[in-house]
Amino acid sequence: MLEILMTAIGYSSAIALAAAGITLIYATTGTFSFAHASMTAWGFYAVFAFSKVFFRNNGNPYIFFPLAAILSGSLGILTYLFVNRWLLRRRADMITLMMSTLGVDLIYFAALNVFADYLTQEYRINARLIVLSTEDPVIAQIGELTIRGIPLVSVSIVLSVIVILNYILNKTRFGIAVRVTMENPSLAEIVGINPEIVHLASWFIGGALAGLAGAVLSLIVSGTPAIGNTVIVPMFAGSIVGGMSSIFGGFAGGYLIGLSEYLLITMLATYVSRSLVVYQPLIPLLVMAATLLLYPEGVAGLRLGKVLKRR
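Once a new chain begins, its residue numbering starts again from 1 and follows that chain's sequence as written. Local features in this predicted model are restricted to residues of pLDDT 70 or higher, and side-chain atom pairs are both shown and tallied only at a pLDDT of 80 or more, whereas totals for entire chains, interfaces and linings draw on every residue. Hydrogen atoms and water are omitted, and side-chain values are computed over all heavy atoms in the structure.

1. Remarks on the overall build of the chain
- Secondary structure elements follow DSSP: runs of H or I of four or more residues count as helices, runs of E of two or more count as strands, with numbering from the N terminus. Of regular secondary structure, the chain possesses twelve helices and two strands.
- Taken from the N to the C terminus, the helices and strands of the chain come in the order α-α-α-α-β-β-α-α-α-α-α-α-α-α.
- Throughout, radius of gyration means the C-alpha value; the globule benchmark is 2.2 Å times the number of residues raised to the power 0.38. In summary, the chain has a C-alpha radius of gyration of 19 Å against a globular reference of 19 Å for 311 residues, a match within 12%.
- Burial classification: accessible surface area is computed with a 1.4 Å probe over protein chains only, and a residue below 20% of its type maximum counts as buried, one above 50% as exposed, and the rest as partly exposed. Sorting the 311 residues of the chain into buried and exposed places 48% on the buried side.
- Put simply, 77% of the contacts in the chain that link residues at least 6 apart link residues at least 24 apart.
- To be clear on the numbers: accessible area is Shrake-Rupley with a 1.4 Å probe, and residue cover counts the displayed protein chains and nothing else. Carbon together with sulfur atoms contributes 66% to the accessible area of the chain, which is approximately 15,100 Å² in total.
- Where the 18 positive side-chain charges of the chain centre and where its 13 negative ones centre are 8 Å apart. A contact between two residues is defined here by any heavy atoms of the two lying within 4.5 Å. His is not counted, nor are the chain ends, whereas Lys and Arg count as positive and Asp and Glu as negative. The location of each charge is read from NZ of Lys, CZ of Arg, CG of Asp or CD of Glu.

2. Observations concerning the nonpolar core
- Only buried Ala, Val, Leu, Ile, Met, Phe, Trp, Tyr and Cys residues count toward a nonpolar core, and they belong to the same one when joined by side-chain atoms within 4.5 Å. Judged by nonpolar contacts, the single largest core of 71 residues is most densely connected at Leu17, Tyr45, Phe48, Phe65, Val161, Val216 and Phe251.
- Take this core: its biggest share by element is eleven residues, from helix H2 (residues 36-54).
- In this structure, leucine 17 is in contact with Ile157, Val158, Val161, Leu209, Leu212, Ala213, Val216 and Phe251, ignoring residues within four places of it in sequence.
- Formed by seven residues, the second largest nonpolar core is a distinct cluster that contains Ala237, Val241, Ile283 and Met288.

3. Here's the deal with the pairing of strand E1 (residues 138-142)
- Pairing of E1 with strand E2 (residues 145-148) involves four bridges; the strand directions are antiparallel. Paired with isoleucine 142 across the two strands is leucine 145, which belongs to E2.
- DSSP-based pairing: two strands are paired if at least 2 bridges between them are found. Between E1 and the antiparallel strand that follows it, E2, lie two residues; glycine 143 among them carries a positive phi value of about 65°.

4. Section: the confidence of the model for the chain
- Note: pLDDT gives the predictor's confidence per residue, expressed from 0 to 100. Predicted confidence across the chain gives a mean pLDDT of 87, with 93% of residues reaching 70 or more.
- Of all helices and strands in the chain, the one with the weakest mean pLDDT is helix H12 (residues 304-310) (47), whereas helix H3 (residues 65-89) scores best (95).

5. A word on the packing of aromatic side chains
- Pairs were defined over the aromatic rings of Phe, Tyr and Trp, the Trp ring being its six-membered one, requiring ring centres within 6.5 Å. Orientation was assigned from the angle between planes: stacked under 30 degrees, edge-to-face over 60, tilted for the rest. Under the criterion given, the structure shown has 14 aromatic pairs.
- Judged by centre distance (4.6 Å) and plane angle (25°), the rings of tyrosine 26 and phenylalanine 32 are stacked.
- We classify tyrosine 26 as partly exposed; its relative accessible area is 24%.
- We classify phenylalanine 32 as buried; its relative accessible area is 13%.
- Ring geometry for phenylalanine 32 versus phenylalanine 236: centroids 5.8 Å apart, planes at 40°, classification tilted. Note that phenylalanine 32 is positioned in the loop between helix H1 (2-29) and H2 and phenylalanine 236 in helix H9 (residues 227-242), a separation of 204 residues in sequence. Across the pair, exposure class does not vary: phenylalanine 32 and phenylalanine 236 are buried alike.
- Taken together through their ring pairs, the aromatic side chains of Phe50, Phe54, Phe55, Phe64, Tyr118 and Tyr123 make up a single cluster.
- Two limits define a charge over a ring: the Lys NZ or Arg CZ must be within 6 Å of the ring centre, and within 35 degrees of the ring normal. Positioned above the aromatic ring of tryptophan 86, the side-chain terminus of arginine 85 is 5.1 Å from the ring centre.

What follows is the structure in C-alpha cells.
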C-alpha cells in the first residue's frame, strides 16, 4: 500500500504542475489551453528521446527534465506568438480562444506522431509504447518495499516551483506586473505595463510546467504519443478545482484530483474488479463536481476558519 501511495504522490505532482500552468495562462490571457495536452506529451517524449535514444549511455533521465521544460515552454511561446496574440488583439471571446488552442494541440500532436515514427524507423525502437519507469533509480529497499526516486523528486520540483513563483510574483516588478495584469488588464495598460510581455512569459512558464509534468509522468506511467490526451481531464479538473484565480490553488487542486484518481481507481481495481479501470476518467470529474458543490470558489477560496466553524 505504501508503494502505491508513493506512486500516487508522483502522479499527482505531475497533475499539479500541469494544472498550475493551465491556471496561469487562463488568469493572464483568459485562455483555456487545450494545447497543454501535447505540451505535456512533448515533455514526456523529450525525456525518453534524450535518455534512451540520443544519449543511450547516460542512464539518468533526471538530467533531461530541464530540457523537457524548455522544449514545452518554447511550444507555449509559439502558441502565443502565432495564434493567441492575434486573437487577444481582436478581443476574441473565451470560446474562440479555447478552440484555437485545440487546433494548436492537433498540430503539436501530429508533429509528435511524426517524431515517434522517425525514432522508430531511424533507431529501430518502439517509440509508440514507452516504458521508462524501470529507469528510475532505487533509493531504498525495505523488505519487499521498493522506494524509487520519482516521488521525492517530483515533490521537490513542485515545492521549488512554488517557492520560485511566490518570490517572482511577490518580490519582483515583473511579478507585480503579472498580478496587475491578472486582476485588471485595462488598468495594467494605463499604468504602463506591457501586457504582451506578461502574456508571453505566462505562456512560456505555463508550457514549461506542462513539460515538467510530462517529464515526471515518463517515470511513472507507460505512454504513447496520446499520453497528453490521457491526462488532460485530470489536469483541467485540477485547475478548475483550484479556483482558476490562484496559481497556488492550481497546485492544491492538482494534488486533490491526482491523489483521488490514482488511489480510488487502484482500490476499485484491487478490491472490486479490474474491469473498472476503464472508468478512471470519470473520477476526476466526480471529485471536481463534489468539491465545487461544497465550495464553488474552489480550493483557492477556502477559508480554514470558516470550514472548521461549519464542521
